[in-house]
Amino acid sequence: MKRFIPRFEMLALLAVLSFLFFSCTGQSKPVENKLEEDENMEVGVGLYSFNRFPFEKSVEMAKGTNAQKVEGFSFHNLGDRFGGKVIANLSDEELSMMKGILDSNQVQMVSMYADGKTIEDWEQLFKQGQKLGLQFLVGEPDPLLLDKINELAGQYKLPLAIHEHAKGLSRYWHPDSAMAAVEGREHLKICADIGHWVRSGLDPVECLQKVEHKLLSLHVKDLDGSGNMEAKDVAIGAGVIDYNKVFAELKRQDFSGEIFIECEHNWDNNFEEVKESVNYMRQKAK
């Protein structure tokens with residue numbers, strides 16, 4: 001009579017055989033997507049770095065930097081192929097064309113800097129963002145619109161991250177003001193702009209500590225001076241920002257969001273600097 005092996009015995013036997021196989025052959029068990037598992041922070045490119053170029057070209061340039069993720073911006077003149085339109089004014093067919101360009105380059109647009117003036121503007125941007133399959137929006141809305149925008153963010157399942165331009169240029173230049181904007185609004189988060197904080201004379205590490213638990217993404221650049229509104233944008237790693245300290249703080253927070261390179265100089269010929277910056281930030285993020 002045949003003896004039926006109970007299930008738990010069979011599992012144990014398979015485990016032993018698997019161990020003996022890998023031990024005898026000198027192989028280790030394969031680990032799928034190990035690189036993705038080891039890297040918590042994603043480094044991508046803000047398409048604003050290539051704002052002098054039409055959408056298709058800017059995506060190709062981002063792909064050339066070895067970035068797999070990008071952040072768009074709502075006021076981008078998308079070029080002749082789109083009739084010179086911006087994202088808010090695109091038809092569903094044109095939005096599909098955008099997605100086709102991204103897919104053909106194997107690049108994902110995960111977010112968009114949105115520049116809405118009225119609540120109608122914002123609702124249209126949320127609609128377009130949802131159709132594009134974005135994960136979140138970034139912007140600096142009028143404080144009077146924050147409650148309604150929070151509702152829209154929940155409705156469209158697209159969080160909005162409050163961004164900070166420099167002192168005098170933004171209501172949210174200081175992390176305290178940005179945190180006040182998101183307080184009690186569950187769908188609003190923070191997009192930390194490290195360069196603008198430094199331009200405003202703030203310590204980026206202290207600022208990151210202030211926005212802990214609300215931080216969704218970062219914009220990164222470098223400057224030739226701190227606390228100077230006229231400070232010039234320079235290649236990342238060549239300026240005054242200590243990114244070793246910045247990344248030490250991000251790792252302490254177990255930050256696992258998006259980091260977007262912004263190169264705001266040498267607009268017509270900054271590709272190599274952006275590519276070097278992507279590599280530099282990936283090294284820091286390890």
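It should be noted that the structure appears before, not after, this text.
In this text, all values refer to a predicted model and were calculated from it rather than measured experimentally.

Q: Sorry, what's going on with the overall build of the protein here?
A: Tallying secondary structure elements over the protein gives 11 helices and 10 strands in all. Taken over 286 residues, the protein has a buried fraction of 47%. Considering only residue pairs separated by 6 or more positions, the protein has 68% of its internal contacts joining residues 24 or more positions apart. Split by element, the accessible area of the protein, about 14800 Å² in all, is 50% carbon and sulfur.

Q: I would appreciate a short explanation of the sheet that holds strand E7 (residues 215-220) in the present structure.
A: Across a sheet, strands are paired by hydrogen bonds formed along the backbone, either parallel or antiparallel in direction. Reading around the barrel, the 8 strands line up as E1-E2-E3-E4-E5-E6-E7-E10 and close back on themselves, with parallel pairing between neighbours. Each neighbouring strand pair of the sheet contributes to a mean axis angle of 30°, computed without reference to strand direction. Here strand E3 (residues 108-113) pairs with strand E4 (residues 136-139) via 3 bridges, running parallel. Paired with Tyr-113 across the bridge in E4 is Val-138. On top of the sheet, helix H11 (residues 271-285) reaches strand E1 (42-46), E7 and strand E10 (258-261); it is set at about 160° to E1, its chief contact.

Q: Can you help me understand the packing of helix H5 (residues 119-131) against helix H6 (residues 146-155) in this one?
A: Axis angle and axis distance: for two packed helices, these are the angle between their axes and the distance between the axes, and together they describe the pair. At a closest axis distance of 10 Å, the pairing of H5 and H6 adopts a crossing angle of 15°. By the criterion of interaxial angle, the relationship of H5 to H6 is roughly parallel. Remark: the crossing between H5 and H6 carries right-handed chirality. Counting all contacts with H5, which are made through Ile-119, Trp-122, Glu-123 and Phe-126, the residues of H6 involved are Lys-148, Ile-149, Leu-152, Ala-153 and Gln-155.

Q: Is there a simple way to think about the environment of Asn-77 in this case?
A: Structurally, Asn-77 is set in the loop between strand E2 (69-73) and helix H4 (92-104). In this structure the C-alpha to C-alpha distance between Asn-77 and Phe-55, which are 22 residues apart in sequence, comes to 7.6 Å. Once residues within four sequence positions are removed from consideration, Asn-77 is found in contact with Phe-53, Pro-54, Gly-84, Lys-85 and Val-86. Only 3.0 Å separates the side chain of Asn-77 from the backbone nitrogen of Gly-79, close enough to count as a polar contact.

Q: In this structure, what is going on with the environment of Gly-100? I would like to understand it.
A: Inspection of the secondary structure assignment puts Gly-100 in helix H4. On the basis of relative accessibility, which here comes to 34%, the residue Gly-100 falls in the partly exposed class. Separated by 44 residues in the primary sequence, Gly-100 and Glu-56 have C-alpha atoms spaced 10.0 Å apart.

Q: It is not clear to me how the pattern of salt bridges should be interpreted in this structure. Could you clarify?
A: Side chains bearing opposite charge may pair, as long as their charged atoms lie close to each other. Scanning all chains against the criterion turns up 12 salt bridges. In this structure, the salt-bridge partner of Glu-262 is Lys-221, at a minimum N-O distance of 3.0 Å. Residue Glu-262 is found in the loop between E10 and H11, and its partner Lys-221 is found in the loop between E7 and strand E8 (222-223); the two are separated by 41 residues along the sequence. When sorted by exposure, Glu-262 lands in the same class as Lys-221, which is buried. It is possible to trace a salt-bridge network through shared partners that takes in Asp-193, Lys-221 and Glu-262.

Q: Sorry, what's going on with the pairing of E3 here?
A: Successive residues of a regular strand alternate their side chains across the two faces of the sheet. Counting buried positions over the 6 residues of E3 gives 5, a clear majority of the element. Strand direction decides the pairing type here: E2 and E3, joined by 5 bridges, are parallel. For Lys-69, the partnering residue across the bridge sits in E3 and is Gln-108. Crossover handedness for the path E2 to H4 to E3: right-handed.

Q: Looking at this model, I keep getting lost on H5. Mind explaining?
A: Working note: α-helix, 3.6 residues per turn, so residues spaced by three or four point in the same direction. The end-to-end C-alpha separation of H5 is 18 Å, in line with the 18 Å expected for 13 residues at 1.5 Å each. Along H5, the positions that sit buried rather than exposed are Ile-119, Trp-122, Leu-125, Phe-126, Gln-128 and Gly-129. Taken together, the buried residues of H5 touch H4, E3, E4, H6 and strand E5 (160-163). At the exit of H5 stands Gly-133, carrying a positive phi of roughly 75°.

Q: Hey, could you run me through the layout of surface pockets in this one?
A: A probe as big as a water molecule, rolled over the atoms, marks out the empty space that is left. By volume, the largest pocket is sized at about 420 Å³. Sorting elements by how many residues they give to the lining of the largest pocket places E2 first, with 3 residues.

Q: Explain the nonpolar core to me, please; I cannot follow it from the model alone.
A: As a rule of thumb, soluble globular proteins bury nonpolar side chains together. Phe-55, Met-98 and Phe-126 are the most contacted members of the largest nonpolar core, which totals 83 residues. Setting aside residues up to four positions removed in sequence, Met-98 forms contacts with Phe-55, Leu-78, Phe-82, Ile-87, Leu-90, Met-109 and Leu-132.

Q: Just to check I follow, could you spell out unusual backbone geometry for this structure?
A: Excluding glycine, a negative phi dihedral is what most residues carry, and trans is how most peptide bonds are arranged. Positive phi outside glycine occurs at Asn-66, with the angle close to 75°. Assignment of secondary structure puts Asn-66 in the loop between helix H3 (55-64) and E2. Given the relative accessible area of 48%, Asn-66 is considered partly exposed. For Gln-106, which is not glycine, the phi torsion reads 55° and is therefore positive. Following the sequence through the fold, Gln-106 ends up in the loop between H4 and E3.

Parameters and conventions
Residues numbered from 1 in each chain as written. Predicted model: local features only at pLDDT ≥ 70, side-chain atom pairs only at ≥ 80, totals over all residues. Heavy atoms only, no water. Helix = DSSP H or I, 4+ residues; strand = E, 2+ residues; numbered from the N terminus. Buried < 20%, exposed > 50% of the residue type's maximum accessible area, 1.4 Å probe, protein only. Contact = heavy atoms within 4.5 Å. Areas by Shrake-Rupley, 256 points an atom, 1.4 Å probe, with all protein chains shown as cover. Pairing = 2+ DSSP bridges. Axes fitted to C-alpha atoms, helices over the stretch in contact; angles between N-to-C directions. Parallel < 35°, antiparallel > 145°, perpendicular 65-115°, else oblique. Left-handed = near helix turned anticlockwise from the far one by under 90°. Polar contact = N/O pair within 3.5 Å; in protein donor to acceptor, adjacent residues only side chain to side chain. Salt bridge = Lys/Arg side-chain N within 4 Å of Asp/Glu carboxyl O. Right-handed = clockwise from strand over helix to strand, strands pointing away. Expected span 1.5 Å × (residues − 1). 1 Å grid on protein atoms, 1.4 Å probe; cavity = no way out; pocket = protein on both sides within 12 Å on 5 of 7 lines; lining within 4 Å. Points joined across faces, edges and corners; volume = space filled by probe spheres on them. Core = buried A, V, L, I, M, F, W, Y, C linked by side-chain atoms within 4.5 Å.

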